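Examining the three-dimensional arrangement
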Amino acid sequence: MRFDSPADDNVIDRQRVVGQAVTRIDGPVKVTGQARYAAEWTDQLDNVAHGYLHCATIACGTVNRVDTTAAQNAPGVLAVVTTLDHDPLPLARESAAHLFGGNRIAHYHQAVAVVVAQSFEQARAAASLIEVDYSADDGRFELADELDGAKAIADVVVEGPDAHELHLVGDFWAAFTEAAVSTDAVYTTPYQSHAMIEPHATIASWDADQLTVWTSNQMLNWAKEDLPRALSVPAENVRIHSPFIGGGFGSKLFLRSDVVLAALAAKAAQCPVRLALPRPLIFNNTVNRSATVQRIRLGADLNGQLTAIHHSSTSGNLPGGKPESAILQTKLLYAAPNREIYMRLAELDLPEANAMRAPGEAPGLMALEIAMDEMAERLEMDPVQFRIVNDTQVDPHEPGRQFSERHLVECLQTGAEAFGWSARNLNPGSLRDGKWLIGHGMAAGIRNNVQLPAAARVRLNPDGRVVVETDMTDIGTGSYTILAQTAAEMLGVDIDQVEVSLGDSSFPTSAGSGGQWGANNATAAVYAASMKLRQAVLASLDWPADGADFSHGHVTSRGRSVPLNDCARQGPLIAEDLIEYGDFHKRFQQSTFVAHFIEAAVDAYTGEIRVRRMLAVCEAGRILNPITARSQVIGAMTMGAGAALVEELAVDPHRGFFVNHDLAGYEVAVHADITEQEVIFLDHPDAFSSPMKAKGIGELGLCGVAPAIANAVYNATGVRVRDYPITLEKHLGQLPAI
Ligand code: MOS
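A brief look at the structure comes next.

Notes on unusual backbone geometry
Residue Pro725 is reached from Tyr724 by a cis peptide bond, and omega for that bond is -10°. Positionally, Pro725 belongs in the segment after helix H16 (705-717). Here Asn47, not a glycine, exhibits a phi torsion of approximately 55°, which is positive. The class of Asn47 is exposed, set by a relative accessible area of 65%. The phi angle at His109 is positive, at roughly 65°, despite the residue not being glycine. Mapped onto the elements of the fold, His109 is located in the loop between strand E5 (104-105) and strand E6 (111-117).

Focus on the sheet that holds strand E34 (residues 676-681)
As summarised here, the arrangement of the five strands in space is E20-E21-E30-E31-E34, forming an open sheet in which the pairing is mixed. A strand with exactly one partner marks an edge of an open sheet, and here the two such strands are strand E20 (432-433) and E34. Two strands pair when backbone bridges link them, and E20 and strand E21 (residues 436-448) are joined in this way by two bridges, in the antiparallel orientation. Considered in E21, the bridge of Asp433 is made with Trp436. Running at roughly 30° to strand E30 (residues 591-603), helix H12 (residues 408-419) makes contact with E21, E30, strand E31 (609-619) and E34 of the sheet. H16 contacts E21, E30 and E31 of the sheet and is inclined by roughly 155° relative to E21.

Describing the packing of aromatic side chains
Across all of its chains, the model carries 18 aromatic pairs by this definition. Judged by centre distance (6.0 Å) and plane angle (80°), the rings of Phe3 and Tyr581 are edge-to-face. A residue pair is termed long-range when its members are at least 10 positions apart, and Phe3 in strand E1 (residues 2-3) and Tyr581 in strand E28 (residues 573-581) qualify at 578 residues. Between Phe584 and Phe688, the aromatic rings sit 5.9 Å apart at their centres with planes inclined by 35°, giving tilted as the arrangement. Of the two residues, Phe584 is situated in the loop between E28 and strand E29 (588-589) and Phe688 in the loop between E34 and H16; the sequence distance between them amounts to 104 residues. On the basis of relative accessibility, which here comes to 16%, the residue Phe688 falls in the buried class. In textbook terms, an aromatic cluster arises when at least three aromatic residues are bridged by ring pairs, as seen for Phe3, Tyr581, Phe584, Phe588 and Phe688. When the ring centre of Trp41 is taken as reference, the NZ or CZ atom of Arg36 above it lies at 4.1 Å. Against the face of Phe403 rests Arg406, its NZ or CZ located 4.8 Å from the ring centre.

Brief notes about the side chain of Asn285
As for its placement among the helices and strands, Asn285 is situated in helix H8 (residues 279-285). A residue is classified by how much of its surface remains accessible, and Asn285, at 8% relative accessible area, is buried. Here the side chain of Asn285 touches Ser257 through a polar contact of 2.7 Å, side chain to side chain. Aside from chain neighbours lying at most four places away, what touches Asn285 is Leu53, Cys55, His107, Tyr108, His109, Gln110, Ala111, Ser257 and Leu277.

About the criteria used
- Residues numbered from 1 in each chain as written.
- Predicted model: local features only at pLDDT ≥ 70, side-chain atom pairs only at ≥ 80, totals over all residues.
- Heavy atoms only, no water.
- Helix = DSSP H or I, 4+ residues; strand = E, 2+ residues; numbered from the N terminus.
- Buried < 20%, exposed > 50% of the residue type's maximum accessible area, 1.4 Å probe, protein only.
- Pairing = 2+ DSSP bridges.
- Contact = heavy atoms within 4.5 Å.
- Axes fitted to C-alpha atoms, helices over the stretch in contact; angles between N-to-C directions.
- Phe/Tyr/Trp six-rings, centres within 6.5 Å; stacked < 30°, edge-to-face > 60°.
- Lys NZ or Arg CZ within 6 Å of the ring centre and 35° of its normal.
- Polar contact = N/O pair within 3.5 Å; in protein donor to acceptor, adjacent residues only side chain to side chain.

In short, shape yes, function no, at least from these values alone.
Shown next as structure tokens:
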């Protein structure tokens, strides 16, 4: 099905199942332990051996020799494969670090060898016996030292069809110099780690030249091209299973060392191998979010109209890596006739920076939305009103492009009303509740909607059950449930009638789970396949192709009605289709919007910060399922609290690695840290997004959370912290006198 004009009224608009608060259909298998994750499929195979990595203890340099003698002779060891045994594997998609092979070490904890043994403990013990002779080079480990040498990025395309890195409109410097009111400050965000619960893990098994892997990967559509390429085997020889994923947050978008090394190890040991990255290796062996140094200059007139916006961001990465696109939101969020927005990238020898949890907007808004708060204060304007005044209905860099739907103002107004914003204290640092200083803050957020082709197969079985098959993944988001809802709606059956099978590379290729594009595209594929299945049902009845209704388990046309069950009595009816997008949508900017409101409390004596109350008001097209959507948003809000207050990878500037590489040292926020979270969804289906009229929501929930907290903390204390995370020592010395 080609989607090349805005969606008309269609079956989904009935919203009998889609849009309803359906509990997660995979909930029971998850809470009873029957949902299996990558490392848990050992019973599918006989004699599964265990792999364990030996990882580099230098950040940068050359491997001269790997002595595996002791490891080879250790109890239970079946094989040892070292990086010197292989040419460098081809770089994985969107990646800068070689996963294995060759004698160069580009980052700390890069894999140097994999040991296979009969037990996990034997593999681990033997891996520790490997001796590596390195020649270490000097490395560049501190972003702050590399800012001057950072390269401006002029023509790298990131995320979306037209996103370039340098954006100039009008004359920023003239407007900024003449502005009645201006702000100019530097904001910094730290290195962060995805810290998903399920580690990167794979079981790999070869049958002659056929490879099967059970792995934890967000994007099977990419992995099924990338894994064969990495291993130099034909694509048809590789089968990938990833039916349940315990979070990824971007770290499982692309191949990681577990999957390629499990495959190489299984080949060498001639038996299936299970390889899970131990938590302490994940932080430096895989990927992270780069720190950023961002400068924002705003100019406004006395009415609070922005006249000039400058946003520049510098991040770091390995040579060949990409920048953290922290400027994306600034292109679209607010009107201003004069604009200068760009990124710079510094080469560093730290582990690779790559996509993490709303890449771009999450750290970009952490800067922009504090700057907006500072400007509102200078203007003596309500920060909600300041944002409303500067709303835009067109892309400020291409004013001919309107937003398909944009209701940020409604988000702001609805949120202000529901939160009780007007009652807040206007005098920072002056509201106390016992020992706590109380503050309120808000921020806006934006995240784009991405359309990607996606396919699905839908089958009506003789017993009347409907089966959906696609290689779409469910990373904990609710894909199973919304795909079942879509098929149930389209075919007019109860959701209990629908089974969904995901995460198998042999199924039709879907959009995968990334960039908050999964829900809309994957359900649109099921919509397309279901439309075809409806035609197959009608054809089986010799009924006309138009004018039929599928409801309550029956198909009805021109006064005749039969149970849907009857239509597949002779054998299953199967339909498969692909949703593809024409380019009409490029004339419109498709984005999602949010307003966040926060109540924070700061201990007047110790500076300790608590988030007491969070409210998000989201506009993201049709909400396919308010329960799973809410779960996405409150999870994202919790991540935002982590970004604001605790999450930071500490760099060892001498040895070049992230020191706090486990979940004891790298703290993340959890729901129990936050007393109250509320989410309100606006109802604005977007006819430009797909027949589902839905858009992404998962990452939107994170966009703007951290600066809203920062602004609330400022309102509580009167101390402005522009360096995340806001840990207590950053404001303790300046808290109001007691
Ligand atoms: Mo997301 S960072 O695209 O998994």
